Every structure is written in C-alpha cells, then in structure tokens.
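Letter by letter, the chains look like this.
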Amino acid sequence: MTISNNYPELLDLIAKCNEQGVPIKNIGFVSRMELNYFYKNSLFCIYPSLQESFGLGLIEAAQNGLPVVASDLDYVYDVIEPSATFNPFSEEEILNVLLDYRSYIGVKSKVIVEDKLKAFMQLLN
C-alpha cells in the first residue's frame, strides 16, 4: 500500500491488522524508482477499490508486468484488462479469488488507455 501520513485512521487500521497477523505493508509516499522496485518484486497486484478517479495504480501494475486482481467494476475495464476480478461486496468471492492465485500468476494484465501526454504536450507547443 502507498498510504501517506495524511490518513491517520487508515494507518491505525493497518497497524491493528498487523497486530492480528495480517501481513499488510504500507510503503507510504515513495519515489517512482522505489515504487517500480516494489512492483518488480511482487507476484501480483490486488486492487479492491470501489471507485477510482483514474486508476493509476492499475496502469502502473500492468505496465510493470504484474497480474492485476481487481474489483469487477467498470472503472477497472476503462484502463486495463485485469487478470482476475472479484465482486468487491462479497468477502467470500474475494477470498476465493485470492486463494486461487496460481491460476493467474503469469497472466499479465493489459493496459487499455493510451499514453496521451506526448500528444498533449505537442498541442501546447
């Protein structure tokens, strides 16, 4: 996770989960190089958000060759083709998808949105 200090309640919740043996690691706000290191050293990306403004984490994970396991919601399909999905309102389905991780390890997600930054910069010039 990349939760900054701006969200103390969420950080407290992560700490409580850690105390109960749940292995959640919050790396906080990090540089692009550090973030890429974490992506490159991960087996997959779990993205359980119920809503997103853009889904940059989905794109970054897919660009780094990770299988992305995400909520079966429209915003996901707007930016990537996920490796696996789950109903984010069903704890049982989330658990089943995570337990079945062997079926999507190596199944890379595909980025759907195009990088429009270069085209945008050309318009400004």
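Scoring rules and cut-offs
- Residues numbered from 1 in each chain as written.
- Predicted model: local features only at pLDDT ≥ 70, side-chain atom pairs only at ≥ 80, totals over all residues.
- Heavy atoms only, no water.
- Phe/Tyr/Trp six-rings, centres within 6.5 Å; stacked < 30°, edge-to-face > 60°.
- Buried < 20%, exposed > 50% of the residue type's maximum accessible area, 1.4 Å probe, protein only.
- Helix = DSSP H or I, 4+ residues; strand = E, 2+ residues; numbered from the N terminus.
- Core = buried A, V, L, I, M, F, W, Y, C linked by side-chain atoms within 4.5 Å.
- Contact = heavy atoms within 4.5 Å.

Chemist: Honestly, the packing of aromatic side chains in this entry has me stumped. Any pointers?
Modeler: Remark: the centre distance and the inter-plane angle together describe each pair of aromatic rings, the angle taken between the planes. Per the counting criterion, the structure on display carries three aromatic pairs. Aromatic side chains tyrosine 37 and phenylalanine 38 sit 5.6 Å apart centroid to centroid with 80° between the ring planes, which places their arrangement in the edge-to-face category. Here phenylalanine 38 falls in the partly exposed class, since its relative accessible area comes to 27%. Measuring from centroid to centroid gives 5.6 Å for phenylalanine 44 and tyrosine 104, while their planes differ by 85°, and the two rings are edge-to-face. Taken together, the positions of phenylalanine 44 in the loop between helix H2 (32-40) and strand E1 (45-47) and tyrosine 104 in the loop between helix H5 (91-99) and strand E5 (110-111) put the pair 60 residues apart, joining distant regions of the chain.

Chemist: Any chance you could explain the nonpolar core here in plain terms?
Modeler: General note: in soluble globular proteins, nonpolar side chains tend to be found buried as a group. Grouped together as the largest cluster of nonpolar side chains are 17 residues, with contacts concentrated most on Leu58, Val68 and Ile80. Counting residues per element, this core draws most heavily on helix H3 (residues 56-63), at four residues. Excluding anything up to four places from it in sequence, isoleucine 80 contacts Leu58, Ile59, Ala62, Val68, Ser109, Lys110, Val111 and Ile112. The next biggest cluster of nonpolar side chains, apart from the first, holds five residues, and it includes Val69, Ala84, Phe86 and Val97.

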